[in-house]
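Coordinate analysis (summary)
The residues making up each chain are set out below.
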Amino acid sequence: MTDRHGLLAVIAGPSGVGKGTVHTRVREALPDSVLSVSVTTRPPRSGEHDGVDYRFVDDATFDRLVSDGELLEWAEYAGNRYGTPRTPALEAVEAGLVVVLDIELQGALQVKERHPDALLVFLVPPSFEELERRLRARGTEDPDAIARRLEWARRELAAGHRFDVEVVNDDLDRCVDEVLRILDEARRRGADAATG
Ligand code: 5GP
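Just so it is clear, the model here is predicted, and its values are computed rather than measured.

1. A few points about the environment of Arg25
By the secondary structure assignment, Arg25 is in helix α1 (residues 19–29). Taking relative accessible area as the criterion, Arg25 reaches 27% and is therefore assigned partly exposed. Between the C-alpha atoms of Arg25 and Asp177, which are 152 residues apart in sequence, the distance is 9.6 Å. Not counting residues up to four positions away in its chain, the partners in contact with Arg25 are Leu172, Asp173 and Val176.

Set out below in structure tokens:
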């Protein structure tokens, strides 16, 4: 029964660290986990679908979500705004699911401040050079956008210690196993705290 306890978990890390793949693998391994779908003012990339990858909104809609208190956290990143819809995330945690947030640093810290029970996992690359290589190889951004993301990654890496735990994504299988073990432990702790 202990593993039925809900959990709000942030799995973050700099752009290019392999977050997307880790998220996919964690969700495959944990049938009672869900990925929170964020809202963003960023335009869709090719292959992205509204309501699946993000809810793509205009500035006015984002402003309204903020002023209505409908976002659990939000942040500006590389010139666009991103936020986590509050109600679906909290309802799913209440229902006993693991709700996984793929968000950047400032948002992660807001989550922890508002929900101290949340677990913050920070994925780190084996080295900065490796991160740069992966980001360029991905080929989804132009050179300016890559430069902005690398600049941001430097700042994020320097703040990783503010997370509950850092996991090195050196080997995907090993990294995913470690994340799963950490999530499981956090759920058990939550369940123990609830039953006293
Ligand atoms: P991308 O544009 O590559 O999809 O995302 C850029 C950054 O925004 C990534 O680090 C991603 O984790 C972060 N992000 C995505 N959704 C949210 C959100 O709802 N809140 C915050 N704070 N960051 C987000």
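On we go.
2. Regarding the pairing of strand β7 (residues 98–101)
Of the two faces of β7, the one lined by Val98 and Val100 and the one lined by Val99 and Leu101 are each fully buried. Where strand β1 (residues 7–12) lies against β7, four bridges are found, and the strand directions are parallel. When the bridges of β7 are listed, Val10 appears paired with Leu101. Two strands pair when backbone bridges link them, and strand β2 (residues 33–35) and β7 are joined in this way by three bridges, in the parallel orientation. Its bridge partner being in β7, Ser33 is matched across the sheet by Val98.

3. Considerations on the nonpolar core
Nonpolar side chains tend to gather and get buried jointly when the protein is soluble and globular. Counting residues in hydrophobic clusters, the biggest one holds 25 residues, and the most contacted among them are Ile11, Val22, Val121, Leu123, Val179 and Leu183. With six residues, helix α7 (residues 172–195) is the single largest residue contributor to this core. Leaving out residues up to four positions away in the same chain, Leu183 has contacts with Leu7, Ala9, Val26, Leu30 and Leu119. In terms of nonpolar packing, the next biggest core, distinct from the first, is built from 19 residues, Leu8, Ala12, Leu72 and Leu109 among them.

4. Considerations on the sheet that holds strand β8 (residues 119–124)
With respect to topology, five strands assemble into an open sheet ordered β2-β7-β1-β8-β9, the strand pairing being parallel. In this open sheet, the two strands that pair with only one neighbour each are β2 and β9 (165–168). Across this sheet, the average inter-strand angle for adjacent strands is 25°, counted without regard to direction.

5. Section: unusual backbone geometry
Its identity as a non-glycine residue notwithstanding, Ala78 has a phi of 50°, on the positive side. Residue class for Ala78 comes out partly exposed when judged on its relative accessible area of 29%.

6. Re the sheet that holds strand β6 (residues 80–85)
As summarised here, the arrangement of the four strands in space is β4-β3-β6-β5, forming an open sheet in which the pairing is mixed. Of all strands in the sheet, those with a lone pairing partner are β4 (55–56) and β5 (71–77), marking the two edges.

7. Some remarks on helix α5 (residues 128–138)
Within the span of α5, buried status applies to Phe128, Leu131 and Leu135. The buried residues of α5 occupy an angular sector of 55° when the element is viewed end-on, so they sit on one face. Of the exposed residues in α5, the ones pointing more than 90 degrees away from its buried face are Glu129 and Ala137. Looking at the packing, one finds that the buried side of α5 touches α6 (143–158). Phi turns positive one or two residues past the end of α5, at Gly139, with a value near 65°.

8. Concerning the site of the ligand
Taken together, 16 residues sit near the ligand, with Ser38, Arg42, Tyr54, Tyr82 and Glu104 positioned nearest. Tyr54 places a side-chain nitrogen or oxygen 2.5 Å from an oxygen atom of the ligand. Here an oxygen atom of the ligand sits 2.8 Å away from a polar atom, N or O, in the side chain of Asp102. For the ligand, whose accessible area on its own is 510 Å², the fraction buried by protein is 94%. Of all the secondary-structure elements, those providing two or more residues to the shell around the ligand are β5 and β6. Classifying every residue of the shell around the ligand gives five nonpolar, four polar and seven charged.

What counts, and where the lines are drawn
- Along each chain, residues carry numbers from 1 onward, in the same order as the chain's sequence is written.
- Selection of residues for local features in this predicted model requires a pLDDT of at least 70, selection of side-chain atom pairs for listing and counting requires 80 or more, and totals for whole chains, interfaces and linings are taken over all residues.
- In computing side-chain values, all of the structure's heavy atoms are included and hydrogens and water are not.
- Going along the chain from the N terminus, every DSSP run of H or I of four or more residues is numbered as a helix, and every run of E of two or more is numbered as a strand.
- Any residue under 20% of the maximum accessible area for its type is buried, any over 50% is exposed, and the rest in between are partly exposed; the area is computed with a 1.4 Å probe on protein chains only.
- It only takes one pair of heavy atoms within 4.5 Å for two residues to be counted as in contact.
- Whether two strands pair comes down to DSSP finding at least two bridges between them.
- Among the buried residues, those of types Ala, Val, Leu, Ile, Met, Phe, Trp, Tyr and Cys that are joined through side-chain atoms within 4.5 Å form a nonpolar core.
- To define axes, lines are fitted to C-alpha atoms, for helices over the stretch in contact only, and angles between the resulting N-to-C directions are given on a 0 to 180 degree scale.
- Arc definition: directions from the helix axis to the C-beta atoms.
- We call a residue near a molecule or strand when any one of its heavy atoms sits within 4 Å of it.
- Two N or O atoms form a polar contact when they lie within 3.5 Å of each other; inside protein one atom must be a possible hydrogen donor and the other a possible acceptor, and for residues adjacent in sequence the pair counts only when both atoms belong to side chains.
- Method for areas: the Shrake-Rupley scheme with a 1.4 Å probe, in which residue coverage is limited to the protein chains shown.
- When residues are sorted by character, Ala, Val, Leu, Ile, Met, Phe, Trp, Tyr, Cys and Pro go into the nonpolar class, Asp, Glu, Lys and Arg into the charged class, and all the rest, Gly among them, into the polar class.

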